[in-house]
Amino acid sequence: MYLVFFVIPVIVMIPIVIYLYIWFNRFLTLFPAIVDKLRHGLAAGAALVAAYFCWPIYRTGGMVTGHFLVISLLIEVVNVIIKKKKKGEVPKVWSFLYRSGIISLVIVAVMFTYGYINMQIVYEKDYTVSSEKVNRDLRLAAISDLHLGTNMDTEKLSGYLNEISAKNVDALFLVGDIFDENTVKEEMMKAAELFAQVKSAYGIYYVMGNHDPNHYRTDKKYTEDEMRQALIKAGIHVLEDEVMKLDGMNVIGRRDASSASRHETKELTEQVDQAVFTVLLDHQPLGLQANADAGIDLQISGHTHAGQIWPTGKLMELLGASEMNYGYQKIDHMNMIVTSGIGGWGYPIRTGGHCEYVIIEVTGTGK
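J.: Help me understand the overall build of the protein in this model?
T.: Each helix and strand in the protein was counted, giving 11 helices and 12 strands. With the C-alpha coordinates of the protein rotated into their principal frame, the extents come out at 80 × 45 × 35 Å. Per-residue burial for the protein yields a buried fraction of 50% across its 367 residues. Sequence-distant contacts, at least 24 apart, represent 74% of the contacts inside the protein between residues at least 6 apart. Per element, the accessible surface of the protein, about 17400 Å² overall, is 62% carbon and sulfur. Each charge class in the protein was averaged separately, 34 positive and 40 negative side chains, and the resulting centres sit 12 Å apart.

J.: Teacher, can you tell me more about the layout of surface pockets here?
T.: Gaps between atoms show up when a probe of the same size as a water molecule is rolled over them. Taken as a whole, the largest pocket holds about 1300 Å³ of empty space. Tyr58, Thr312, Met316, Trp345 and Tyr347 are the residues nearest the centre of the largest pocket, which is lined by 41 residues in total. In terms of residue count, helix 3 (residues 60-85) provides more of the lining of the largest pocket than any other element does, nine residues in total. Broken down by class, the residue content of the lining of the largest pocket amounts to 21 nonpolar, 18 polar and two charged.

J.: I keep staring at the pattern of salt bridges and nothing clicks. Help me out?
T.: Side chains that differ in charge, positive against negative, can pair when their charged atoms come close. Overall, the coordinates contain 15 salt bridges when judged by the stated rule. The closest approach of N and O atoms between Arg228 and Glu240, which form a salt bridge, is 2.9 Å. Residue Arg228 is found in helix 8 (residues 224-233), and its partner Glu240 is found in the loop between strand 5 (237-238) and strand 6 (242-246); the two are separated by 12 residues along the sequence. The same class applies to Arg228 as to Glu240, namely buried.

J.: It is not clear to me how the sheet that holds strand 10 (residues 327-331) should be interpreted in this structure. Could you clarify?
T.: Whether parallel or antiparallel, the strands of a sheet pair through hydrogen bonds between backbone atoms. Across the sheet, six strands lie side by side as 6-7-8-9-11-10; this open sheet has mixed pairing. A single partner strand is all that each edge strand has here, and the edge strands are strand 6 and strand 10. Neighbour-to-neighbour, the strand axes of this sheet turn through a mean angle of 15°, independent of strand direction. As judged from the four bridges shared by strand 9 (residues 298-301) and strand 11 (residues 334-338), these two strands associate in the parallel manner. Along strand 11, the bridge assignment pairs Leu298 with Asn335.

J.: Is there a simple way to explain a nonpolar patch on the surface in this structure?
T.: A surface patch of nonpolar side chains, about 390 Å² in accessible area, is lined by Tyr116, Ile117, Ile121 and Tyr123. As for its position among the elements, Tyr116 is in helix 5 (residues 102-120).

J.: Explain the pairing of strand 4 (residues 204-207) to me, please; I cannot follow it from the model alone.
T.: Here is the key point about a regular strand: its side chains alternate between the two faces of the sheet. Burial along strand 4 is two-sided: Ile204 and Tyr206 and Tyr205 and Val207, pointing in opposite directions, are all buried. Where strand 3 (residues 171-175) lies against strand 4, four bridges are found, and the strand directions are parallel. What sits directly across from Leu174, in strand 4, is Tyr206. Crossover connection from strand 3 via helix 7 (residues 185-196) to parallel strand 4: handedness right-handed. Bridge analysis of strand 4 against strand 5 gives two bridges, and the strand direction is parallel.

J.: What should I look at first to understand the environment of Ser144 in this one?
T.: Following the sequence through the fold, Ser144 ends up in the loop between strand 2 (138-143) and helix 6 (154-165). On the basis of relative accessibility, which here comes to 1%, the residue Ser144 falls in the buried class. Expressed as a C-alpha distance, the spacing of Ser144 and Thr60, which sit 84 residues apart in the sequence, is 21 Å.

J.: Is there a simple way to think about the sheet that holds strand 4 in this case?
T.: Spatial ordering of the open sheet is given by 1-12-2-3-4-5, a layout of six strands whose pairing is mixed. Looking at which strands have only one partner, the edges of the open sheet turn out to be strand 1 (122-130) and strand 5. Sheet topology note: the strand 2/strand 12 (residues 355-363) ladder contains five bridges and is antiparallel. Bridging across to strand 12, Leu140 finds its partner in Ile360.

J.: Sorry, what's going on with the packing of aromatic side chains here?
T.: Note on aromatic pairs: each is described by the distance of the centres and the angle between the planes. Evaluated as defined, the whole model comprises nine aromatic pairs. A centroid spacing of 5.2 Å and a plane angle of 80° characterise the contact between Trp23 and Phe68, whose relative ring orientation is edge-to-face. Placement of Trp23 in helix 1 (residues 2-28) and of Phe68 in helix 3 is noted, with a sequence separation of 45 residues between them. For Phe68, a relative accessible area of 9% corresponds to the buried category. Look at Tyr52 and Phe53: their rings are 5.3 Å apart centre to centre, the planes differ by 80°, and that puts the pair in the edge-to-face class. In this arrangement the basic side chain of Lys125 is found over the ring face of Tyr127, its NZ or CZ atom lying 5.4 Å from the centre.

J.: I tried to follow the packing of helix 7 against helix 8 on my own but got confused; where do I start?
T.: Two quantities define a packed helix pair, namely the angle between the helix axes and the distance between the axes. Contact geometry for helix 7 and helix 8: axes closest at 8 Å, N-to-C directions at 25°. By the criterion of interaxial angle, the relationship of helix 7 to helix 8 is roughly parallel. For the pair helix 7 and helix 8, the crossing hand works out as right-handed. Along its contact with helix 7, which presents Lys185, Met188, Met189 and Ala192, the element helix 8 presents Glu226, Met227, Ala230 and Leu231. Considering only residue class, the contact of helix 7 with helix 8 consists of six nonpolar, no polar and two charged.

So, how was this worked out
- Residues numbered from 1 in each chain as written.
- Predicted model: local features only at pLDDT ≥ 70, side-chain atom pairs only at ≥ 80, totals over all residues.
- Heavy atoms only, no water.
- Helix = DSSP H or I, 4+ residues; strand = E, 2+ residues; numbered from the N terminus.
- Buried < 20%, exposed > 50% of the residue type's maximum accessible area, 1.4 Å probe, protein only.
- Contact = heavy atoms within 4.5 Å.
- Areas by Shrake-Rupley, 256 points an atom, 1.4 Å probe, with all protein chains shown as cover.
- Lys, Arg positive; Asp, Glu negative; His and termini not counted.
- Charge placed at Lys NZ, Arg CZ, Asp CG, Glu CD.
- 1 Å grid on protein atoms, 1.4 Å probe; cavity = no way out; pocket = protein on both sides within 12 Å on 5 of 7 lines; lining within 4 Å.
- Points joined across faces, edges and corners; volume = space filled by probe spheres on them.
- Nonpolar A, V, L, I, M, F, W, Y, C, P; charged D, E, K, R; others polar.
- Salt bridge = Lys/Arg side-chain N within 4 Å of Asp/Glu carboxyl O.
- Pairing = 2+ DSSP bridges.
- Axes fitted to C-alpha atoms, helices over the stretch in contact; angles between N-to-C directions.
- Patch = residues over 30% accessible without salt bridge, like charges linked within 9 Å, V, L, I, M, F, W, Y side chains within 5 Å.
- Right-handed = clockwise from strand over helix to strand, strands pointing away.
- Phe/Tyr/Trp six-rings, centres within 6.5 Å; stacked < 30°, edge-to-face > 60°.
- Lys NZ or Arg CZ within 6 Å of the ring centre and 35° of its normal.
- Parallel < 35°, antiparallel > 145°, perpendicular 65-115°, else oblique.
- Left-handed = near helix turned anticlockwise from the far one by under 90°.

Here it is, written out as structure tokens:
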């Protein structure tokens with residue numbers, strides 16, 4: 001964790017600071033009255049100030065700076081092409097646009113304005129799956145990746161939970177990263193009470209994600225046990241490699257893939273009647289074929305945010321960090337659903353996927 005959250009960002013910051021110095025130095029050439037020595041000093045100072053505001057790189061400032069740098073580097077390529085075609089003599093208009101960085105600034109402003117607006121809108125995503133094991137229709141709701149406090153507080157969350165409650169669901173599944181290292185304790189406890197108020201025939205089931213246990217900071221705002229106890233006190237079933245046998249449905253909740261002690265899915269399915277419809281809640285969409293082979297009928301996962309920042313979702317899928325980025329897939333007899341989540345991590349920006357909660361209608365194969 002130390003490597004991911006400190007060492008790698010420090011290494012990445014070195015070329016960022018260098019390029020920021022180059023960019024500010026070029027920008028200041030628009031002001032001929034500034035002598036060279038002063039210009040270099042101002043550029044170095046501005047680069048360091050910008051680096052300060054974009055640290056750490058996985059927060060809002062870092063995301064804005066990262067996008068600005070990528071777009072600026074593309075502008076650099078365009079500038080090289082123009083200079084080559086014009087044999088070194090570039091139009092004055094282009095020279096101003098290039099040195100001022102106005103194109104990069106406008107594009108970043110548009111992208112992040114869209115990303116902020118996109119983050120504030122939550123959709124209902126509906127799926128219908130069928131199984132010969134179902135003897136009566138089931139209506140299931142799922143929420144993942146709220147990351148409470150990033151773009152949504154408990155007041156806003158309450159409205160969406162009321163929408164879910166009005167649908168008379170059989171069960172509500174909370175599929176990890178509902179909280180994270182930036183969620184305050186009071187909001188965490190209030191959210192637990194709100195979840196418990198959702199009307200559901202079989203209750204509410206919670207599996208932890210990689211952020212819920214608060215492993216990513218030392219000055220924790222709540223402990224893992226405090227969170228667990230708040231959920232249990234509210235009547236929420238916290239499943240940690242556990243099986244719940246309900247009337248007409250099994251629910252299996254796995255520990256997150258970041259846990260070294262979690263059991264294999266096959267160990268858990270051996271505890272249930274394979275003739276009964278079995279739902280697996282697993283925060284990260286990994287080991288999908290093994291889960292299908294173990295007899296799972298429906299797996300619900302989150303974690304990917306459907307690529308919160310474009311194009312990270314597809315890149316992670318291509319690199320194997322997640323086996324499935326978003327949506328629905330049939331793997332043998334297993335129905336696989338990956339939700340984009342109702343919130344997002346780190347910053348209230350979504351330039352990739354949208355926010356959603358999921359409603360799943362489960363019917364018999366004859367319907």
